[in-house]
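Given next are the chains, with one letter for each unit.
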Amino acid sequence: MANNSNNKPNKPKGKWQETNESFVNPYSFMPVRGTVIRTDPEQGTLSGKIICTIKAVTPLAIPDHERKQISNDLSEHYIYPFFSKADGTHLISGSSVRGVVRSMFETITNSCFSVNNNNILSARHSHQRLPGILKKVDGKWQLFSARKNKYNPDIPLNGDQVLRVWYDIGRQHNVKSVFTIGTPVQCSELEKAVDDYRECLEIYRKNAEKEGGSKFELYNRSTNTLNEKGMTPLFYELVGKGEQQIVYLSPAQISRSVFHNKLNDLLGDHISCMYGDGEKLCETCTLFGIISKNGKARASRVRFSDAKEVNFISAGYHTLKELASPKTTSVEFYTERPDNAVAWNYDYKTVRYEKKPIMFKGKSRSMDVPVRELADASVKGRKFYLHTEQNKYETSEVTKRNSTMELADMGSTFNFDVYFDNITEKQLSRFVWTLTLGENTEDSFRLYKLGHGKPLGLGSAKIIVDKVLIRNYDKETFSYTVTEMDIDSLVSESGIKVSKALERLIGLKTTEGMNVSYPIAEDKTRPSRNSKAVHQWFAANRTANGTGTAWNYKHVLPDISDPNITLPVFEKVKVDEITPNAPKSYSFGDDGGTFGGGIMMRKRGQNNNNSKNKKK
């Protein structure tokens, strides 16, 4: 094979194509609709205790981090026993149970997103940005266009020039270039863009520090800070028109950017009550409590005990497949496709590409230049991990990126109590409904997800309410009596109706007969450790109908209520090996039956509008 000037083998030309296989993503979303009703909290009169049982429907992984051990095979691979007390009693912590129950209560009552740190949103962009220089003029930041040239150590810099040094981890050395200042660039919200640029640099610093070694060393020698007194070389892009034209800054021509929008900007009315006045609260924060940013707090009206083993069945130790961290950069999964968008992010959308001459690496090239329009993203909703009865959580590969855990086998049971104080009858009935998910039987298919390994199929469990006890206090005698409430009546009086989407999200049989997996794709042109990595699917989805610098998102994550919730498996083959495919996928029956009744095989594309805009 011929070599290029850098003595690297030429990359084989390949093309992504869909195969006949499909998968169901491990998570989906419950759409958010309407507005959040916030009121002054009402003081109730009911106090007492709810006695509950948790039954494992699939194996549970509740790791005991205090007692973890290092594997003999690999020093960075850890082995975790099931969480237990000092006396050996196996437990599921009350905080873990409380967390999933609160999340479910938020869903069914259309409450706020309480767990929200207003996360910074960032992602890589695919196209080349323009070189620029940032400097302060009269104490305020000003952006200038710039001309970028190769650095020649024999030619000294003049006052209009600044040296840019950036690390190239692929080449294992720093790249130097000279930026010559040009004319001022007119844009709005530059100060915000500068703040976002600082956040972007911090992301790079943390990533380099995490990697360590040569990457961190190269990063520390690069121009990775803002020069408050001089000139800072960088790259920029303008999006929008007129007064609405805003700017994005990045440290490299193709790199990561921090978006202007943060999570709070996209949640709208569903923003956490912690950002409110602390007086008017949503239904969930009224019951579970909240601490507002202004210091006001409401104590929780419910308290969860640890869930102690009743019948613990150890499934032994299993080495689990590697888990992927949530990637909010995958907007085709976390957001809805905007109208007329071929690609998009949390701030703007690309509606088309136009061929224009662009200077790249010192040469003029015809490039696909994106036509952008400002457009806030619409979040998919509340994230749920889907249930599956597949036993595909184990691997024989022991690495530092996965772990070995003791599992509680299906059929294991645990008991816990919930104490409630001064709540209303409505709160009690809706809370009991939430615990039982409307079906208070052991054989119900409406389940929770608990513990570690949810994307792998672990953690499906049923909560059964055994007793609801009300304490009736006698203020004169300082004594109390206990009244047992009828559980079925409480559930029926809740007024909660289950939507088709929620039924599928909490249902065990929703994915029956389907391949539940992280996105699947394989680059067969260059077999390597990463040729089957999850990110290959997103690369395929963005470039199968586009290019590496002109993304075109082919598929989006199907809505959970869609007839077809599968996505295609991709493979990248050499151009001369491309073959016509006839992809197939599982689909819900036309009757739309709960839990996927009438599942059948269909060719992909029938009753599936993943890649089309859908009115919500």
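Here is a short report on the structure shown in this document. Predicted, not measured: the structure shown is a model, and the values here were computed from it. (Residues numbered from 1 in each chain as written. Predicted model: local features only at pLDDT ≥ 70, side-chain atom pairs only at ≥ 80, totals over all residues. Heavy atoms only, no water.)

Describing the packing of aromatic side chains
Heads up, the rule is: Classification of ring pairs rests on two measures: the distance between centres of Phe, Tyr or Trp rings, Trp counted by its six-membered ring, which must be within 6.5 Å, and the angle between planes, read as stacked under 30 degrees, edge-to-face over 60 and tilted in between. Between buried and exposed lies partly exposed: a residue is buried under 20% and exposed over 50% of the maximum accessible area for its type, with that area taken using a 1.4 Å probe on protein chains only. A ring has a charge above it when a Lys NZ or an Arg CZ is no more than 6 Å from the ring centre and no more than 35 degrees off the ring normal.
Applying the stated criterion to the full structure yields 24 aromatic pairs. With centroids separated by 5.2 Å and ring planes inclined at 85°, the aromatic side chains of Trp-537 and Phe-538 adopt a geometry described as edge-to-face. For the pair Trp-537 and Phe-538, one class covers both residues: buried. Among the aromatic residues, ring-to-ring pairing joins Phe-23, Tyr-27, Phe-29, Phe-333, Tyr-334, Tyr-385, Trp-537, Phe-538 and Phe-570 into one connected group. Lying across the ring of Phe-113, Arg-382 places its NZ or CZ 4.4 Å from the centre. Geometry around Trp-551 places Arg-542 over its ring, the cationic atom sitting 4.8 Å from the centre.

Side note on the pattern of salt bridges
Our working rule: Salt bridge, as used here: a side-chain nitrogen of Lys or Arg that lies within 4 Å of a carboxyl oxygen of Asp or Glu. Helical segments are the DSSP runs of H or I of at least four residues, strand segments are the runs of E of at least two, and each set is numbered from the N terminus.
Across all of its chains, the model carries 29 salt bridges by this definition. Arg-129 is paired through a salt bridge with Glu-237; the nearest N and O atoms lie 3.1 Å apart. On the criterion of sequence distance, the pair formed by Arg-129 in the loop between strand S7 (122–124) and strand S8 (130–137) and Glu-237 in strand S12 (residues 232–239) is long-range, its members being 108 residues apart. In this structure, Arg-129 and Glu-237 share a single accessibility class: buried. Arg-430 is paired through a salt bridge with Glu-283; the nearest N and O atoms lie 2.6 Å apart. Remark: Glu-283 occurs in helix H5 (residues 283–288) and Arg-430 occurs in helix H7 (residues 425–436); sequence separation between them is 147 residues. Judged by its relative accessible area of 22%, Glu-283 is partly exposed. Taken together, the shared-partner salt bridges connect Lys-136, Asp-195, Arg-198 and Glu-228 into one network.

Quick notes on H7
Our working definition: The span you would expect from a helix comes to 1.5 Å times its residue count less one.
Given a rise of 1.5 Å per residue, 12 residues ought to cover 16 Å, and the 17 Å separating the end C-alpha atoms of H7 matches this to within 8%. Most of H7 sits out of view: 10 of its 12 residues are buried. Burial in H7 covers these residues: Gln-427, Leu-428, Ser-429, Arg-430, Phe-431, Val-432, Trp-433, Thr-434, Leu-435 and Thr-436. Looking at the residues trailing H7, positive phi occurs at Leu-437, about 55°.

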